[in-house]
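Overview (structure and organization)
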Amino acid sequence: IDPKIGGVMILGDRGTGKTTTIRALVDLLPEIDCVSDDPYNSSPTEYDNMSDEVRNRLANSEEVPVVKKKVPMVDLPLGATEDRV
């Protein structure tokens, strides 16, 4: 797992509760601050975690509304590569 992206990888046999465990973990995580109308869940404060559109809005001194959202859960197959995601 790339530390800049973050994440959790769980391996195990079928039927051992991997997905159920991760969904429960997501419910325990604190909500994150995101720009409300941004499809990429851009951070309102961390420049490296902003989309180009949000960076441009901040550069133009525009108002950037912030909302709290649950941490998204993304379920990827084991063989997924960066170029195919």
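Here is a short report on the structure shown in this document. For clarity, every value in this text was computed on a predicted model and none was experimentally measured.

About the cut-offs
Residues numbered from 1 in each chain as written. Predicted model: local features only at pLDDT ≥ 70, side-chain atom pairs only at ≥ 80, totals over all residues. Heavy atoms only, no water. Salt bridge = Lys/Arg side-chain N within 4 Å of Asp/Glu carboxyl O. Helix = DSSP H or I, 4+ residues; strand = E, 2+ residues; numbered from the N terminus. Buried < 20%, exposed > 50% of the residue type's maximum accessible area, 1.4 Å probe, protein only. Phe/Tyr/Trp six-rings, centres within 6.5 Å; stacked < 30°, edge-to-face > 60°. Lys NZ or Arg CZ within 6 Å of the ring centre and 35° of its normal. Lys, Arg positive; Asp, Glu negative; His and termini not counted. Polar contact = N/O pair within 3.5 Å; in protein donor to acceptor, adjacent residues only side chain to side chain. Contact = heavy atoms within 4.5 Å.

1. Some details on the pattern of salt bridges
Two side chains with opposite charge may pair up if their charged atoms get near one another. Scanning the model with the defined rule gives five salt bridges in all. A salt bridge links Asp27 to Lys70, with the shortest nitrogen-to-oxygen separation between them at 2.8 Å. With Asp27 in helix H1 (residues 18-28) and Lys70 in the segment after strand E2 (66-69), the pair connects residues that are 43 residues apart, well separated along the chain. The residue Arg57 makes a salt bridge to Glu62 at a minimum N-O spacing of 4.0 Å. Look at Arg57 and you get buried, because its relative accessible area is 11%. Where salt bridges share partners, they join Asp37, Arg57 and Glu62 into one cluster.

2. As for the packing of aromatic side chains
Two numbers describe a pair of aromatic rings. These are the distance of the centres and the angle of the planes. Evaluated as defined, the whole model comprises zero aromatic pairs. Positioned over the ring face of Tyr47 is Arg55, at 4.6 Å from the centre of the ring.

3. A word on the side chain of Asp38
Mapped onto the elements of the fold, Asp38 is located in the loop between strand E1 (32-35) and helix H2 (52-59). Buried and unpaired, Asp38 has no salt bridge, with Arg57 as the nearest side chain of opposite charge at 6.2 Å. A distance of 2.6 Å separates the side chain of Asp38 from the side chain of Ser42, its partner in a polar contact. Of the polar contacts made by the side chain of Asp38, one reaches the side chain of Ser51; its length is 2.9 Å. Asp38 has contacts with Ser51, Val54 and Lys69, leaving out every residue within four places of it along the chain.

4. A word on the environment of Arg55
By secondary structure assignment, the location of Arg55 is in helix H2. With 11 residues separating them along the chain, Arg55 and Pro44 place their C-alpha atoms 9.2 Å apart. Discounting residues that sit within four places of it in the chain, Arg55 has contacts with Tyr47, Asp48 and Met50.

5. Structural notes on unusual backbone geometry
For Asn41, which is not glycine, the phi dihedral falls at a positive 55 degrees. Relative to the assigned elements, Asn41 resides in the loop between E1 and H2. What makes Asn41 partly exposed here is its relative accessible area of 28%. Positive phi, close to 60 degrees, is recorded for Ser61, a residue that is not glycine. As for its position among the elements, Ser61 is in the loop between H2 and E2.

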